[in-house]
Amino acid sequence: MSRLSQAFAKYRLQWLLLGLSTVLLALSLQHAFRQITELNRRDTNNMAAELRSQFQEMEAFLEAMRGQAEERLRSNPQSILSRHLYQALRVDGSKRINLDQVPADLPPALIGNLTGLGPLPAPGSEREDTIHLALSLSPLLSTASKLLDEEVAWIYFTGTDNFIYLYPWVPSSQFRFDLTIYRKSYWQDALTQQPPAQRATLSRPYQDFAGRGQMITLSQPITKAQKVVGLLSIDILLTNLERALQQPAPQVGTLFLVNQHKQVLARSQPGTAPPLRYGEERDDYRWQQGAFQLVHAIPDTPLTLIHRIPLIALLEALFWQSVTALVTLLCLVLATLSSLKSRRLNQRLNYLSRHDALTGAFNRHHFDAFEHQHALAGNQRIGAIMFDCDHFKRVNDTFGHGVGDEVLIQLVRLCKPLLTKENSLIRWGGEEFLLLVVDEAVSLGDLAEQLRRAIADHPWEEIAQGLGVTVSLGHCRQHPGVKLQEAIRRADVALYRAKANGRNRSEGWDDGEGQPE
């Protein structure tokens, strides 16, 4: 027998432990890697959803203002407010128009400043109509500014005939119209499309006219008889975007917000190197340009989020994520105990990933798995019961949020005795719950009524004096040709019908033949 074979035979237990330790180390690092990437993917997706929501909110404001503006152009752009403001317009010594003197009988927060090239237009001219149109938009600009708050820097209307109406108001000494505005990227990007885009256009970055820094602009053309008369715009400072990426940012690596021209608009960590190039959107992290990189195109926007985790940062995160396992591997005596602890931790994490932390009901992550499982099994007769608390806001306002939380917890406790093992009770959002019933023999109407009575008859005053809780329910059973999501939507419609019919009742979805499903 060779010396190597003899050494292996002598120390075979040590070799076995070394091999087992290596396998455990590899598995531990792999598990930690998956946890890190999954957590950061989730944070990236949440950030994308938040940015998408903000973008759509701004786009909705622009579309609403565009609709009203074009309607006024087709009828009469002048209003009592616009005529009042028009009379306050002045031409200064340099033959420029300004609204530096706001009428004293108007609230300052309602008015912006209109500046442009003089003289004042002739009565009845197209330019006079366009200026009246801009001034008449004051209430809309003020409302949009209040609702969007710190998300935007300026909201304004730029006319094609040498003027701009800027909100909020700043004196013309600080900012006034200049012909160079028409060379700015927000103007060029919005008007280079022929015909003009129906949706809002996002500009490339440029320097703010009023000196507030780099910004991008979301713009919507205003047309009359297929001719552009002006541009409604919302300015967003890049510093605001960077603050948005930092709250909250993924724990490891850097987020980059990139526009349709592949220009980096913002990053969650200053001073970090941006990606030199990136490919199509991918569902997972890929090694690219010296880092693990996730590319996520934000739906319905021209923006893309890129999350990059440099190798050094990833190794550090893996170390701290696996430090318990590493210590365990060095202390082989504690290997079994550490494995059991790790297993229990994973079970707890799995439980938390599928359950609502407050009520103990399932969450939407569980719903995704439930839907996928039953779709593979071909189950097309799942029943959906949607319900929520009647006047829950009143409960919170009257008794406090602590009592409101206790009500939600008790709701779940009252529902569980009426459920079978196959059914799933899911907290759908806020005070709204979804009950999925697999058994076809169960009558959804009867079950809904049992739930309603159990909740209505419960002694709620044990929680707070004078407290009473009822629920409204809607139900619908899935059938071939109707997807589960559609059955849930129908149950939600039935729920709102129950509320409209007086609350504390259940309603089934009407299948069109007068029979509820």
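A short note on the side chain of Ser-424
Right, on to step 1. Within the element layout of this structure, Ser-424 appears in strand β16 (residues 424-429).
Right, on to step 2. Within the structure, Ser-424 has its side chain in polar contact with the side chain of His-366 (distance 3.2 Å).
Right, on to step 3. Residues contacting Ser-424, with those up to four places away along its chain left out, are Phe-362, His-366, Phe-370, Leu-434, Leu-435 and Leu-436.

Brief notes about helix α8 (residues 311-321)
Right, on to step 1. Within α8 the residues assigned to the buried category are Leu-314, Ala-317 and Leu-318. End-on view of α8: buried residues confined to an arc of 100°, all on one side of the axis. For α8, exposure combined with an orientation more than 90 degrees from the buried face picks out Ile-312 and Trp-320.

Digging into the sheet that holds strand β18 (residues 471-477)
Right, on to step 1. Within the open sheet, the five strands sit side by side as β16-β17-β15-β18-β19. Their pairing is mixed. With partners counted over all chains shown, the strands left at the sheet margins are β16 and β19 (506-508), one partner each. Sheet twist, expressed as the average angle between the axes of neighbouring strands with direction ignored, equals 20°.
Right, on to step 2. When strand β15 (residues 383-389) meets strand β17 (residues 432-437), the two strands line up antiparallel, connected through six bridges.

Description of unusual backbone geometry
Right, on to step 1. In the segment running from Gly-118 into Pro-119, the intervening peptide bond is cis, with an omega of 0°.
Right, on to step 2. Tracing the chain through its elements places Pro-119 in the loop between β3 (113-117) and α4 (126-136).
Right, on to step 3. Looking along the chain, the bond that leaves Tyr-167 and enters Pro-168 is cis, with omega of 0°.
Right, on to step 4. As for its position among the elements, Pro-168 is in the loop between β5 (163-167) and α6 (185-191).
Right, on to step 5. Phi at Lys-95 takes a positive value of approximately 60°, unusual for a residue other than glycine.
Right, on to step 6. Here Lys-95 shows up in the loop between β1 (90-91) and β2 (96-98).
Right, on to step 7. Phi at His-391 is positive, roughly 55°, even though this residue is not glycine.
Right, on to step 8. Along the chain, His-391 falls in the loop between β15 and α12 (392-399).

Conventions we followed
Residues numbered from 1 in each chain as written. Predicted model: local features only at pLDDT ≥ 70, side-chain atom pairs only at ≥ 80, totals over all residues. Heavy atoms only, no water. Helix = DSSP H or I, 4+ residues; strand = E, 2+ residues; numbered from the N terminus. Polar contact = N/O pair within 3.5 Å; in protein donor to acceptor, adjacent residues only side chain to side chain. Contact = heavy atoms within 4.5 Å. Buried < 20%, exposed > 50% of the residue type's maximum accessible area, 1.4 Å probe, protein only. Arc of directions from axis to C-beta. Pairing = 2+ DSSP bridges. Axes fitted to C-alpha atoms, helices over the stretch in contact; angles between N-to-C directions.

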